[in-house]
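Geometric and topological summary
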Amino acid sequence: MTIVIFGGGGDLAHRKLLPALYNLHLDGLLPPRLAIVGVGRKALSDDAYREFAKDGITKFSRRPIDDKVWPAFAAALFAATADIDGETGMAALGARLDIIEHERNLTSERIYYLALPSSLFVPTVRQLQKARFVSRGDGAKARIVVEKPIGTDLTSARAINDAIAEVFDEPQIYRIDHYLGKETVQNILVMRFANSIFEPLFNQRYVDHVQITVAEEEGVGTRAGYYEQAGALRDMVQNHMLQLLSLVAMEAPHSLNADVIRDEKLEILQSLRPLQGAAIDANVVRGQYNGYLKEAGVNAQSRTETFVALQLFVDNWRWYGVPFLLRTGKRLPKRSSEISIHLKAIPPILFNADPARRLEPNMLVIRIQPDEGFSFGISCKRPGPHVEVLPVKMDFHYGEMFGATSPEAYERLLLDVLNGDPTLFMRRDAVETAWRWVMPVLDRWAEQTAPLPTYEPGSWGPAEADRLIASMGRTWRPL
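The following paragraphs examine the structure supplied in this document. (Residues numbered from 1 in each chain as written. Predicted model: local features only at pLDDT ≥ 70, side-chain atom pairs only at ≥ 80, totals over all residues. Heavy atoms only, no water.)

1. As for the overall build of the protein chain
In plain terms, the rule: Counting from the N terminus, the helices are the DSSP runs of H or I reaching at least four residues and the strands are the DSSP runs of E reaching at least two. Only protein chains enter the accessibility calculation, which uses a 1.4 Å probe. A residue is then buried if its area is under 20% of the maximum for its type, exposed if over 50%, and partly exposed in between. Throughout, a contact is declared for two residues whenever any of their heavy atoms are within 4.5 Å.
Across its full length, the protein chain holds 14 helices and 15 strands. On the principal axes, the C-alpha backbone points of the protein chain span a range of 80 × 55 × 40 Å. By residue count, 52% of the 479 residues in the protein chain fall in the buried class. Pairs at least 24 apart in sequence give 77% of the contacts found in the protein chain among residues at least 6 apart.

2. Some remarks on the side chain of Glu-305
Let me state the cut-off plainly: When charges are counted, neither His nor the chain ends are considered; positive counts come from Lys and Arg and negative counts from Asp and Glu. Any carboxyl oxygen of Asp or Glu that lies within 4 Å of a side-chain nitrogen of Lys or Arg is treated as forming a salt bridge with it. Under this definition, polar contacts are N or O atom pairs within 3.5 Å; protein pairs additionally need one hydrogen-donor-capable and one acceptor-capable atom, and for neighbouring residues in sequence, both atoms have to be side-chain atoms.
Assignment of secondary structure puts Glu-305 in the loop between β8 (284–289) and β9 (307–313). Of the side chains bearing the opposite charge, Arg-286 lies closest to the buried Glu-305, which forms no salt bridge; the N-O distance is 4.9 Å. Separated by 3.0 Å, the side chain of Glu-305 and the backbone nitrogen of Ala-232 make a polar contact. Engagement of the side chain of Glu-305 in a polar contact is seen with the backbone nitrogen of Leu-233, the distance being 2.9 Å. Not counting the four nearest positions on each side in its chain, Glu-305 is found in contact with Tyr-227, Ala-230, Gly-231, Ala-232, Leu-233, Arg-234, Arg-286, Gly-287, Trp-445 and Leu-452.

3. Observations regarding the pattern of salt bridges
Within the structure shown, the criterion is met by 32 salt bridges. Asp-429 is paired through a salt bridge with Arg-427; the nearest N and O atoms lie 3.1 Å apart. The exposure class assigned to Asp-429 is partly exposed, which follows from its relative accessible area of 30%. With a closest N to O distance of 2.7 Å, Glu-432 and Arg-428 form a salt bridge. Of this pair, Glu-432 and Arg-428 both sit in helix α13 (residues 428–447), separated by four residues, roughly a single helical turn.

4. Notes on the sheet that holds β9
Put simply, the test is: By the convention used here, strands pair only if DSSP detects at least 2 bridges between them. For helices, the axis comes from a line fit to the C-alpha atoms of the stretch in contact; other axes are also lines fit to C-alpha atoms, and the angle between any two N-to-C directions lies between 0 and 180 degrees.
Pairing is mixed in the open sheet, where nine strands are placed in the order β14-β13-β12-β11-β7-β10-β9-β8-β15. The sheet terminates laterally at β14 (389–397) and β15 (454–455), the two strands that pair on one side only. Sheet topology note: the β9/strand β10 (residues 323–329) ladder contains seven bridges and is antiparallel. Among the inter-strand pairings, Leu-310 is bridged to a residue of β10, identified as Leu-326. Contacts from helix α7 (residues 183–193) reach β11 (336–343), β12 (363–369) and β13 (373–381) within the one sheet, and its direction differs from that of β12 by about 150°.

5. Thoughts on a nonpolar patch on the surface
This is how it is decided: Each patch is built from residues that are more than 30% exposed by relative accessible area and take part in no salt bridge. Like charges join if they lie within 9 Å; nonpolar side chains (Val, Leu, Ile, Met, Phe, Trp, Tyr) join within 5 Å. The protein chains shown are the only cover counted for residues, whose accessible areas, like all others here, come from Shrake-Rupley with a 1.4 Å probe.
Residues Ile-349, Leu-350, Phe-351 and Val-387 make up a contiguous nonpolar surface patch of about 480 Å² in total accessible area. The exposure class assigned to Leu-350 is exposed, which follows from its relative accessible area of 73%.

6. Some points on the sheet that holds strand β5 (residues 142–147)
What the six strands build is an open sheet, ordered β3-β2-β1-β4-β5-β6; its pairing is parallel. The open sheet is flanked by β3 (77–81) and β6 (173–176), the only strands paired with a single partner. With direction set aside, neighbouring strand axes in the sheet form an average angle of 20°. When strand β1 (residues 2–6) meets strand β2 (residues 35–40), the two strands line up parallel, connected through five bridges.

Shown next as structure tokens:
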């Protein structure tokens, strides 16, 4: 197999892809015969590319360089060039791949990974078609991996999907969302459908509301050019957070077949209650951290949101009337991603009869990062002669239970691409359904000219986000 990484000399390859492939090599999970070809505009020797990879692995891999193992992995690394805009853009790359595959006795099975801005997806795919790099209709012979975001709106997403579909069939296309490769995210379905205690509770009869938080401590850093065109709604909500919501809310699939699971997730996205007009203003809050306008590369009059909080509903039989509260932002107090399922309070009788000392409702918390695990809050009597009921927490930590560090998300996702398993990847219909739901919010914001609410770095967002949840008689869960 040959893995061709367009953008192979970029930040994503340096920090994530090459370290992930190295860890798969350590675990003996890569094919015995393999070539990894980093493609860029700038000519680079194979030795220079191997040093580039070694530097990324040394700095960012969860496991250090093993001097006994490294030579075999390094021997599979190669550098190549391509000019996506030129008339013969793939000619040099084609010749280079032919030589590498001949020398390493490889078949024509290739994976093309587009570690590129989404604006380059279409020209790259068209060059692949022009150079006849793809055997149409044979999913085993060529696969393509594209990073989110798929476009910046519904129209651009459709254009990208149309262009890719002209060259690759849907089973050959892997739209990657690294959040879905995180160990805790994968375990959501196991928790729900392998334990009889939880699944009966996941419905409008027992759940009061659900909160999903993805908090980032850092600002935009060096990504201002991208972030100015995206903002928090496009960057996090349209993909990561709606995917997490669909895993929490989906019905039990009748099998673990990839398309069966993706069908159930799509059903949730299609069931989201549309937001229109004044309902957007009432249910969606955006904000911008103080200092964002002074970040390098940010327009001094920018209206790009760095924080979003919203309330949405899934209008199906299981979840009707249950609020799903989502919030995400930059320059928040800590880096944390979690899902909390808040069960309904018990009746105000017996141990909950005192209005001044109401018991806390039970809550299931799924910690996605950084402390991966689950916790379940219950009420318990304090030892002693008096009846005093206190909240206690049953807690599970991946690190404590299983010892070794969990594989990085890209390790799992790249292994799935190698194995031809698309379960954790987004299908075209899901991508476009998510964009369809988000577009009225983006269109509404485009019409507005009032200054954005602001918040101090290190706070939990603008005051409007607290007022949003307070209007429903609830509070954000402290992280």
